[in-house]
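Structural overview for review
Take a look at the letters that make up each chain.
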Amino acid sequence: MVLLKDLVVNHLYVKLTHNGCFNIMKKHQNSLNNKNKIQVNVLEKLSKEDLKYYNENKNEEIKGCLYIIATPIGNFDDITLRAIKLLKHVDYLLCEDTRKTKKLLLYHCIKRKNLISYNDINASRKRPYIIKKLLSKHNVGIVCDAGTPLISDPGYKLIQECNFHKIEITHAPGPSSVINGLILSGLPTNQFYFGGFVSSKKNLKKKQFLITQSFKMTGVWFDTCLRLKNTFEIMQNVFGNRKISIARELTKTHEEIISSDLNNINLIIENREKNNKPLKGEVVLIIEGMSKNNQIDFDKLSLIIQDKLKTLSLRDTVKEIVIETKLPKKLIYNEAMKIKNKNCK
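This is a predicted model, so every value here is computed, not measured.

Core analysis: the biggest nonpolar cluster contains 21 residues, and Leu228, Phe232, Met235 and Ile246 have the highest contact counts within it. Those elements that place two or more of their residues in this core are α9 (228-239), β11 (243-248), α10 (265-274) and β13 (282-287). Those residues in contact with Ile246 that lie beyond four places of it in its chain are Leu228, Phe232, Glu256, Ile257, Ile258, Ile265, Ile269, Leu279, Val283, Val284 and Leu285. Residues Cys65, Tyr67, Val90 and Leu104 belong to the second largest nonpolar core, which totals 17 residues.

Listed below in structure tokens is the structure:
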């Protein structure tokens, strides 16, 4: 027999009805709803730094603001609260590919209009329209397909136009595959350079590497898996044998860091292909800077080659020096050919 008509158990309101059944109601439903509303409002409220561009009582002289918004490089949860707020609130959102941006917006339950395609193909045509909107007090955000906009893309031209018109620009920082690849490589991070995309043309590719040959800091490059073998051959010829890491599928399910050296990295790639596990897509390459261990003394190498050529054939000279120095065969062969051609003149 129930003596109490109303019971409170674990924040649930239990009431005895006329037919003897218990009617369980959430006692604090209203208060919980209010609490959720407050949380939602907090998430939607812009920071004081960003609110200044949304002041309703704008002076005539105040223009809009261009927001450079970093987005995830793979894992959609790698996004800042500020980025989510801005993706909701900016008047116009410039997207490298609107289809990919819509997937991110859908994942974070963001419903919005005014998505504008802005990429390599249409950038020059769209810029005047975007500047016009910014000058008419509209706030504009720009995102790329993955990571931080303007890194290895032509978005900097829009920044130049904004600077010319004295339009406010700010950056909502976030993920970057350059930084992710660097810190996961195990190579020194105190100093590094970013070389951008490796050229698809062999001669230009070699020039890119020759410029950075004497850099003592870690190098970071973008490349595609289809060109990796050729890239590593040229790297080995230019840099000698240095440590190298391939970072792929960063923050995704199949994230992988392959670390080796330039003498052996192509063997690893070939073995994967034999086992039907080829590398695909774009990757980040992280290469060791010049050090005392990998620095090539060409003057000393030249003397060794000249000495061996006196008694050995070109082929045997190259073979012996490769064994002794562990330097790339192609590099030694090229140096030996220079010396041999010079002696023939």
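Now that the structure has been shown, we can carry on.
Quick look at the packing of aromatic side chains now. Enumeration according to the criterion identifies seven aromatic pairs in this entry. When the ring of Tyr193 is compared with that of Phe215, the centres are 5.2 Å apart and the planes differ by 85°; the resulting orientation is edge-to-face. Note that Tyr193 is positioned in strand β9 (residues 192-197) and Phe215 in the loop between α8 (202-212) and β10 (218-224), a separation of 22 residues in sequence. Owing to a relative accessible area of 11%, Tyr193 belongs among the buried residues under this scheme. On the basis of an interplanar angle of 85° and a centroid distance of 5.2 Å, the ring pair of Phe209 and Trp221 is categorised as edge-to-face.

Let us now look at the layout of surface pockets. The rolling of a water-molecule-sized probe over the atoms marks out the regions of remaining empty space. In this model, the largest pocket occupies a volume close to 1,100 Å³. Considering the residues around the largest pocket, the lining is formed by 44 residues, among which Glu96, Asp145, Ala146, Gly147 and Glu282 are closest to the centre. Counting only elements with at least two residues in the lining of the largest pocket, the list comes to β5 (92-95), α4 (98-107), β7 (140-143), α7 (177-185), β11 and β13. Counting residues per element, the lining of the largest pocket draws most heavily on α4, which supplies four residues. Of the residues in the lining of the largest pocket, the class split is 22 nonpolar, 11 polar and 11 charged.

What counts, and where the lines are drawn
- Residues numbered from 1 in each chain as written.
- Predicted model: local features only at pLDDT ≥ 70, side-chain atom pairs only at ≥ 80, totals over all residues.
- Heavy atoms only, no water.
- Core = buried A, V, L, I, M, F, W, Y, C linked by side-chain atoms within 4.5 Å.
- Buried < 20%, exposed > 50% of the residue type's maximum accessible area, 1.4 Å probe, protein only.
- Helix = DSSP H or I, 4+ residues; strand = E, 2+ residues; numbered from the N terminus.
- Contact = heavy atoms within 4.5 Å.
- Phe/Tyr/Trp six-rings, centres within 6.5 Å; stacked < 30°, edge-to-face > 60°.
- 1 Å grid on protein atoms, 1.4 Å probe; cavity = no way out; pocket = protein on both sides within 12 Å on 5 of 7 lines; lining within 4 Å.
- Points joined across faces, edges and corners; volume = space filled by probe spheres on them.
- Nonpolar A, V, L, I, M, F, W, Y, C, P; charged D, E, K, R; others polar.

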